[in-house]
Amino acid sequence: MGVPQSNVAVKRFPASLDIPEHEQYVQVGLQLSESLGISMDELLYDYRALPETEGVEVYACRKPLIADTLKGLSENGYKLSVIELQTHALMRLYSQHSASRHSGEVSMMIDIGAERLQICLGNGEGGQFYRELAAPFDGMELVTDEARERYTETLADTVQRQYQLAATQVQGAPVSSVWLSGDSAGKIDIFQLEKLLNWRVRALNPLQGLSYSPKLIDKLSESTAAWSTSIGLALRGVESDH
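Every value quoted in this text rests on a predicted model; they were computed, and no experiment measured them.

The rules behind each value
Residues numbered from 1 in each chain as written. Predicted model: local features only at pLDDT ≥ 70, side-chain atom pairs only at ≥ 80, totals over all residues. Heavy atoms only, no water. Buried < 20%, exposed > 50% of the residue type's maximum accessible area, 1.4 Å probe, protein only. Helix = DSSP H or I, 4+ residues; strand = E, 2+ residues; numbered from the N terminus. Pairing = 2+ DSSP bridges. Right-handed = clockwise from strand over helix to strand, strands pointing away. Axes fitted to C-alpha atoms, helices over the stretch in contact; angles between N-to-C directions. Contact = heavy atoms within 4.5 Å. Core = buried A, V, L, I, M, F, W, Y, C linked by side-chain atoms within 4.5 Å. Phe/Tyr/Trp six-rings, centres within 6.5 Å; stacked < 30°, edge-to-face > 60°. Salt bridge = Lys/Arg side-chain N within 4 Å of Asp/Glu carboxyl O.

Caption draft 1: Focus on the pairing of strand β9 (residues 175-181). Extensive coverage of β9 is indicated by the burial of 6 of its 7 residues. The pairing of strand β6 (residues 106-112) with β9 spans 6 bridges and is parallel. Note that in β9 the partner of Met108 across the bridge is Val178. With 4 bridges joining them, β9 and strand β10 (residues 200-203) adopt parallel strand pairing. Bridge assignment links Val178 to a residue of β10, and that residue is Val201. A crossover connection joins β9 to the parallel β10 through helix α5 (residues 190-197); in handedness this β-α-β unit is right-handed.

Caption draft 2: Geometry of the sheet that holds β10. The strand order across the open sheet formed by 5 strands is β8-β7-β6-β9-β10, and the pairing between neighbours is mixed. Looking at which strands have only one partner, the edges of the open sheet turn out to be β8 (128-134) and β10. Geometrically, the sheet is characterised by an average inter-axis angle of 20° between neighbouring strands, direction not taken into account. Sheet analysis places strand β7 (residues 116-122) next to β8, joined by 7 bridges and oriented antiparallel. Along β8, the bridge assignment pairs Arg116 with Ala134. Against the sheet, helix α4 (residues 145-166) engages β6, β7, β8 and β9, with an angle of about 145° to β8. The strands touched by α5 are β9 and β10; relative to β10, the strand with the most contacts, the crossing angle is about 150°.

Caption draft 3: Spotlight on the nonpolar core. Ranked by size, the top nonpolar core spans 37 residues in total, and within it Met108, Ile110, Leu155 and Leu180 carry the most contacts. When residues in this core are grouped by element, the largest group, 6 residues, is from α4. Once residues lying within four places of it in the same chain are set aside, the contact partners of Met108 are Tyr94, Ile119, Cys120, Leu121, Val159, Tyr163, Val175, Ser177, Val178, Trp179 and Trp199.

Caption draft 4: Representation of the packing of aromatic side chains. Scanning the entire structure with this criterion turns up 4 aromatic pairs. Centroid distance Tyr25 to Tyr47: 6.2 Å. Interplanar angle 40°. Geometry classified as tilted. Separated by 22 residues along the polypeptide, Tyr25 in helix α1 (residues 21-36) and Tyr47 in strand β3 (residues 43-50) bring together distant segments of the chain. The interplanar angle of 85° and the centroid separation of 5.0 Å between the aromatic rings of Tyr163 and Trp199 together place this pair among those described as edge-to-face. With Tyr163 in helix α4 and Trp199 in the loop between α5 and β10, the pair connects residues that are 36 residues apart, well separated along the chain. You can call Tyr163 partly exposed: its relative accessible area is 21%. An aromatic cluster is built from Tyr25, Tyr45 and Tyr47, whose rings are joined through pairwise contacts.

Caption draft 5: Main features of the environment of Val10. Examined against the element boundaries, Val10 turns out to sit in strand β2 (residues 9-14). The exposure class of Val10 is partly exposed, given its relative accessible area of 38%. Between the C-alpha atom of Val10 and that of Glu57, which follows or precedes it by 47 residues, the distance is 7.0 Å. Contact partners of Val10, with chain neighbours within four places excluded, come to Glu57, Val58, Tyr59 and Leu85.

Caption draft 6: Summary view of the pattern of salt bridges. Taken as a whole and judged by the stated rule, the model has 6 salt bridges. One salt bridge in this structure joins Arg236 and Asp46, with 2.9 Å as the shortest N-O distance. Of this pair, Arg236 sits in the segment after α7 (228-234) while Asp46 sits in strand β3, placing them 190 residues apart in sequence. Residue classification places Asp46 among the buried positions, given a relative accessible area of 8%. Members of the salt-bridge network, linked through shared partners, are Arg12, Arg48 and Glu57.

Here it is, written out as structure tokens:
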């Protein structure tokens, strides 16, 4: 399950990475509880190792914020075991997609949801840049040609401003193309966006480079672009060369 970044506290702590995983989990939880001043019983948390610093990056969410979701999972026989930022799930998909293309070009991925906009950039060598922003649109329920043009102009302006910020953090070749994903990506005029950004713009196929049953596509009632976050979550723990 992806948790919106606005509902998640992110912390970094030193940790003993050479102890059993269950002991490490408890150790991280105690540090987190003390740092936030919240009982461990009120928190759901997860973490990832940071080998370069011999520490961990921790993601925590207070249970009341997702109480309805937890109830729905429980009623259907599921238990939440992982918390992950949506941006990290999308960044994983972005990295996998970049590796599968072997083109050498630098592309930016923009995932457009009804409420949130996610921007991913970087190859993991020269650095990584990702941002979660409120979708810069005033609602997308009714999409006329005029509204589509306005949405596209607003998106282009947002992307240009974020790219100026990203350029100070990510080293390497300049961006030459954009991949659009997300359940609201179809409401953007790709050709207009190409002219405004002066970059090639393409719809992202999140299944590219992956093995899957053709029957999966036949059963879809929506574009595969809407599956980007789900596929990014499913890739957790999967090496890109497998």
